[in-house]
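# Secondary and tertiary structure notes
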Amino acid sequence: MVRVFFLLYFIMYDYIIVGSGLAGICFAETALSHRKQIIVFNDNSQKASYVAAGLYNPVILKRFTEVWQSKEQLNLLDEFYLQIEKKLKVKIDIKIPLLRKYFSIEEQNNWFTASDKPGLTDYLSTTIVNKKYNSIDSPYGYGEVLRTGYVDTNVLIDSYINYLSKNNSYLKESFQHNEIIFHADFVQYKDFKARHIVFAEGFGMLLNPFFNSLPLDGAKGELLLIKAPNLDLDVTIKTSIFILPIGNDLYKVGATYNWTDKTNTPTQEGKEELLKELRDLIQCDFEVLDHNAGVRPTVKDRKPMLGTHPIHRNLHLLNGLGTRGVMLAPSMAKMLFQHIEHQVELDDYVNIKRFKNGFSNLYQNEQKD
């Protein structure tokens, strides 16, 4: 008689990742590309990544300044999302020109002046685009921003979650922070053991007792999906709003900024704000097919938040990507991964140690000890 013995054991994961929005997915892909064992938890309570138009643009047009580390971020973006496209056999990174509509000769002159600024010469074309688009009046033409596009965040998230689920690496459930048990070299959460936990919870970070004293200040954004057969755009048009063509006469129109309402519920006020701006921009009939809202995880100083908890060294944060999530997420995931795995110092620009009160007191106490 042959006796078969079964050994029951817990898998020691390298990472538990909490959150499967842009930040969580980008960290998951970074870890997996380095052959790490991961498990992802998410309860879909945060909608910002789903609602996001996914636009990326290396210039802050309101102030004509270059996005921090724009070249590095764009180069990694191209490589990173292409890697996911090949892996999942989907198309998510769509290159599309972005045109800023001029409203006066003065705006044209301001554009040309800005194009001479260090860091902007590669991104602001000095050729006025005078193409006439259906149903848009543009007597002063447009300025073109180079190296722009959008990531189809819905396809990215749905496809990646499906991939994780098929590989038994995804659990759709709320993460209970108070059930973490700390050991010398690992943490245990329910039946899971891991060397590290990365929290990529977006605005949900405010429910995380380990990091919720950091100054996360969500900005609610609302977005419309419209159908406009007579618009016929093959570029993104930017004014106080944007119109992004996504095919089949469909366009995303956004976005609003609300600093007081922290819910994911679309509002009539937000819808009317977008419709007013849209009617000022286009002169054709359209149909509103959908209206969504989500709270962007923004920080008071408009910078991402990365770092390791000063007491619980197995806990890490990846948050605060704000309105530029698709551009920032691959770079920030890589930076945090290198910090955890190879002790590479985080850039002061993003390090949570930069905050002077609240959370930083833990660092000061740690140093005294």
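A few points on the structure. No experiment lies behind these values; they were computed from the predicted model shown. One numbering rule holds for all chains: residues counted from 1, following each sequence as written. Two thresholds apply to this predicted model, a pLDDT of at least 70 for residue-level local features and 80 or more for giving and counting side-chain atom pairs, whereas whole-chain, interface and lining totals are computed over all residues. Heavy atoms from the whole structure form the basis of all side-chain values; hydrogens and water molecules are not counted.

So, on to the environment of tyrosine 102. Inspection of the secondary structure puts tyrosine 102 in the loop between strand S7 (98–101) and helix H4 (105–115). Exposure remark for tyrosine 102: the relative accessible area of 2% places this residue in the buried category. Separated by 37 residues in sequence, tyrosine 102 and proline 139 place their C-alpha atoms 8.3 Å apart. In this analysis, two residues are considered to be in contact whenever any of their non-hydrogen atoms come within 4.5 Å of each other. Apart from the residues lying within four places of it in its own chain, the contact partners of tyrosine 102 are Glu107, Gln108, Trp111, Ile128, Tyr140, Gly141, Tyr142 and Gly143. Helix and strand assignments follow DSSP, with helices taken as H or I runs no shorter than four residues and strands as E runs no shorter than two, numbered in order from the N terminus. Only protein chains enter the area calculation, which uses a 1.4 Å probe; residues under 20% of their type maximum are buried, those over 50% are exposed, and those in between are partly exposed.

What follows covers the nonpolar core. The set of buried Ala, Val, Leu, Ile, Met, Phe, Trp, Tyr and Cys residues whose side-chain atoms join them within 4.5 Å is what this entry labels a nonpolar core. Tyr15, Phe27, Tyr81, Leu124, Leu318 and Met332 are the most contacted members of the largest nonpolar core, which totals 57 residues. Contributing elements (two or more residues each) for this core: strand S1 (12–18), helix H1 (22–33), strand S2 (38–42), strand S4 (59–60), helix H3 (70–88), H4, helix H5 (153–166) and helix H7 (325–342). For this core, the element with the most residues is H7, which contributes ten residues. When residues no more than four places from it in sequence are discounted, the contact partners of tyrosine 81 are Leu22, Cys26, Ile92, Asp93, Val151, Leu156, Val326 and Pro330. Core analysis: the second largest hydrophobic core is formed by 26 residues, Ile16, Val18, Phe41 and Phe203 among them.

Let us look at the pairing of S1. Of all seven residues in S1, six are buried; the element is thus mostly enclosed. A pair of strands is considered paired only if DSSP assigns at least 2 bridges between the two. Pairing geometry for S1 and strand S13 (residues 192–199), over six bridges, is parallel. By the bridge assignment, valine 18 is partnered in S13 with phenylalanine 199.

The subject of this paragraph is the sheet that holds strand S14 (residues 219–227). Taken together, seven strands build an open sheet; the order of strands is S8-S7-S15-S16-S17-S14-S18 and the sheet is mixed. Where the open sheet ends on each side, the last strands, each with one partner, are strand S8 (142–145) and strand S18 (287–296). Between one strand axis and the next, the sheet turns by 25° as a mean value, whatever way the strands run. Of the strand pairs in this sheet, S7 and S8 are connected by four bridges, and their pairing is antiparallel. Interaxial angle, 0 to 180 degrees, is taken between N-to-C directions of lines fitted to C-alpha atoms, where a helix line uses only the stretch in contact.

This part takes up the packing of H1 against H3. Axis separation between H1 and H3 bottoms out at 12 Å; the angle between their running directions is 75°. Relative to H3, H1 is oriented roughly perpendicular. Side by side, H1 and H3 meet where Leu22, Cys26, Glu29, Thr30, Leu32 and Ser33 of the first sit next to Phe80, Tyr81, Gln83, Ile84 and Lys87 of the second. Charged residues are taken to be Asp, Glu, Lys and Arg, nonpolar residues to be Ala, Val, Leu, Ile, Met, Phe, Trp, Tyr, Cys and Pro, and polar residues to be all remaining types, Gly included. Here the contact of H1 with H3 is composed, by residue class, of six nonpolar, three polar and two charged. An angle below 35 degrees is treated as roughly parallel, one above 145 as roughly antiparallel, one from 65 to 115 as roughly perpendicular, and anything else as oblique.

Our next topic: the sheet that holds strand S3 (residues 55–56). Across the sheet, three strands lie side by side as S3-S9-S6; this open sheet has antiparallel pairing. Of all strands in the sheet, those bounded by a partner on one side alone are S3 and strand S6 (93–95). Here three bridges tie S6 to strand S9 (residues 149–151), and the two strands are oriented antiparallel to one another. Within S9, the position partnered with lysine 95 by the bridge is glycine 149. Across the sheet, H3 is in contact with S3, S6 and S9; its angle to S6 comes to roughly 130°.

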